[in-house]
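One-letter residues, chain by chain:
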Amino acid sequence: MTDFVEKAYGKINKLSEEQLGILMNRIKDENEVFDSIIQGLPCGLIIIDNDCRVMKINRAAKRFIPVNFKHLQNDVVWNYIENEEIADFIKQCGEKKLANQNKEFSIAESDGKFRFVVISVLPLLRNSEIEGNIIYIEDVTAKRQQEILMHRMKSLKSLTSLAASVAHEIKNPLGAISIHIQLLQKAIKKSREGDGLLPDEKFLENYLGVVNEEIDNLNKIVMDFLFAVRPVQANIELSSADSVVEKTLNFFKPEFDQSNIDVMIDLDDCGTRVLIDTKLFKEVIVNLIQNAKVAVIEKNGNIDGHIAVKSFIKNDNYVLTIADNGTGMDAETCGRIFEPYYTTKANGTGLGLTTVYKIIKEFRGDISVNSEKGTGTIFTISIPVPQQDTLLLEESK
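To keep things clear, this report deals only with the structure shown in the data block. These numbers come from a predicted model, not from an experiment. (Residues numbered from 1 in each chain as written. Predicted model: local features only at pLDDT ≥ 70, side-chain atom pairs only at ≥ 80, totals over all residues. Heavy atoms only, no water.)

## Overview of the sheet that holds strand β10 (residues 317-324)
Selection criterion: By this definition, two strands are paired if DSSP reports at least two bridges between them. Going along the chain from the N terminus, every DSSP run of H or I of four or more residues is numbered as a helix, and every run of E of two or more is numbered as a strand. To define axes, lines are fitted to C-alpha atoms, for helices over the stretch in contact only, and angles between the resulting N-to-C directions are given on a 0 to 180 degree scale. Should any heavy atoms of two residues lie within 4.5 Å, those residues are counted as being in contact.
Sheet architecture is open: five strands sit in the order β7-β9-β10-β12-β11, paired in mixed fashion. Edge positions in the sheet fall to β7 (261-266) and β11 (366-372), since each of these pairs with one other strand and no more. Strand-to-strand twist in this sheet, taken as the mean axis angle between neighbours without regard to direction, amounts to 10°. Bridge analysis of β11 against strand β12 (residues 376-384) gives seven bridges, and the strand direction is antiparallel. Paired with Val369 across the two strands is Phe379, which belongs to β12. Packing against the sheet, helix α11 (residues 352-362) makes contact with β11 and β12, and its axis sits at approximately 140° to β11.

Quick look at the structure:
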């Protein structure tokens, strides 16, 4: 309210009809300016009264979250919101009179992509009295995409060492192919200079067989390289990591039982959600669990093997640990375990844990390993919780 309107309002009983008209037009103009500012804001705003009924909503709010005002009249705000999770959050804040609350949500778009929004419920104050709430909606999709892009850019730094490894791998097959082709050329040249007959068929087949075998090796090396450098195509959304872990462990339970491996599960139970691709996160768990199973069997056979899986919230991060009492690794192996092509298995590709590392980094997380030869291994995954939700429980230590 401008000084003019405030002063005029204080003398409203003394104003003439003409002056009242001027005052009403000025108030109307100010309301239009105020409404224009509200509608032009890049953030979403929904203003509600103490009964949680909508007083004002701007265009950005309707664009950021799915709302429907067609079939309802003068109803509470959460009944207009089509996204169930967002509606429940606002309903909880409204019914319990909670203010200064915020939470991040992912909303599926029609094209299969996701929009990420942070919704804050703030008090609407007038003359130091709470007269409702302001629901503030911020679209953080671009921010999330930029974070993902930055992580992908960081991962490109490892391409130099990866390319060097591939060049080294390619040298041996190329050398073998070159030598055997030279031997074939010499044999053919010698035959032409002599009786003109080609070398014995078996002679040719032996050399050509080696050439074909090395070509297959080259093809495998190239395909593995392309797999290692390919960006992770993650469809990231807010999901329960614990739910993925639990379902994956239940799937492997028959294998654990058959191998007499005791699996101890202690998962966080506060409904924490993090930004992950559930399919890729399942791939991470499968890889780590299978590695743990192999390590346990190699050391213990079918006696006294165990794997412990635990999750908790610490320092605004979701932490998952997978520990086993298997063969363990020495310090050198631990230091190189996530490098492409590095493997201690006779038939391993050396890309499994590289993929795990890439996926966790795509989630803006981190993964580390702690191991002791002959004792066991612990993998620790840490993924940031997007919002400091008041419902989260810190692990007591």
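## A short note on helix α9 (residues 278-300)
What counts is decided by this rule: One less than the number of residues in a helix, times 1.5 Å, gives the span that helix is expected to have. Each polar contact in these results corresponds to two N or O atoms within 3.5 Å; when the atoms are within protein, one needs to be able to donate a hydrogen and the other to accept it, and residues that are neighboring in sequence are counted only if both atoms are side-chain atoms.
Along its 23 residues, α9 runs 32 Å from first to last C-alpha, staying within 8% of the 33 Å computed at 1.5 Å per residue. The opening residue of α9, the one whose side-chain oxygen lies 3.0 Å from the backbone nitrogen of Lys279, is Asp277.

## Focus: the packing of helix α8 (residues 241-258) against α9
This is how the line gets drawn: The labels follow the angle: roughly parallel below 35 degrees, roughly antiparallel above 145, roughly perpendicular from 65 to 115, and oblique for the rest. Take the far helix as your reference; a near helix turned counterclockwise from it by less than a right angle gives a left-handed crossing, and one turned clockwise gives a right-handed crossing. Under the scheme applied here, ten amino acids are nonpolar (Ala, Val, Leu, Ile, Met, Phe, Trp, Tyr, Cys and Pro), four are charged (Asp, Glu, Lys and Arg), and all others, including Gly, are polar.
Their axes nearest at 10 Å, the elements α8 and α9 cross at an angle of 40°. One finds that α8 runs oblique with respect to α9. Crossing of α8 against α9: the hand is right-handed. Taken together, the residues of α9 that come into contact with α8 (itself represented by Ala241, Val244, Val245, Thr248, Leu249, Phe252, Glu255 and Phe256) are Thr278, Phe281, Lys282, Ile285, Val286, Ile289, Gln290 and Lys293. Taken together, the residues of the contact of α8 with α9 sort by class into 10 nonpolar, three polar and three charged.

## A few points about the packing of α9 against α11
Following both chains from N to C, one finds α9 and α11 inclined at 145°, their axes separated by 10 Å at the closest point. Remark: the crossing between α9 and α11 carries left-handed chirality. On α11, the residues that touch Leu280, Phe281, Glu283, Val284, Asn287, Leu288 and Asn291 of α9 are Gly352, Leu353, Thr355, Val356, Ile359 and Ile360. Taken together, the residues of the contact of α9 with α11 sort by class into eight nonpolar, four polar and one charged.

## A word on the nonpolar core
Rules: Here, nonpolar core refers to any group of buried Ala, Val, Leu, Ile, Met, Phe, Trp, Tyr and Cys residues whose side-chain atoms link them within 4.5 Å. Each residue is placed in one exposure class: buried if its accessible area under a 1.4 Å probe, protein chains only, is under 20% of its type's maximum, exposed if it is over 50%, and partly exposed if it falls in between.
Among the nonpolar cores identified, the biggest contains 46 residues, and Phe281, Leu288, Ile289, Ile307 and Phe363 are the most heavily contacted of them. Of all the secondary structure elements, the ones that give two or more residues to this core are β4 (114-126), α8, β8 (274-276), α9, β9 (305-314), β10, α11 and β12. With nine residues, the top contributor of residues to this core is α9. Among the nonpolar cores identified, the runner-up in size contains 25 residues, and Val67, Ile81, Phe89 and Val117 belong to it.

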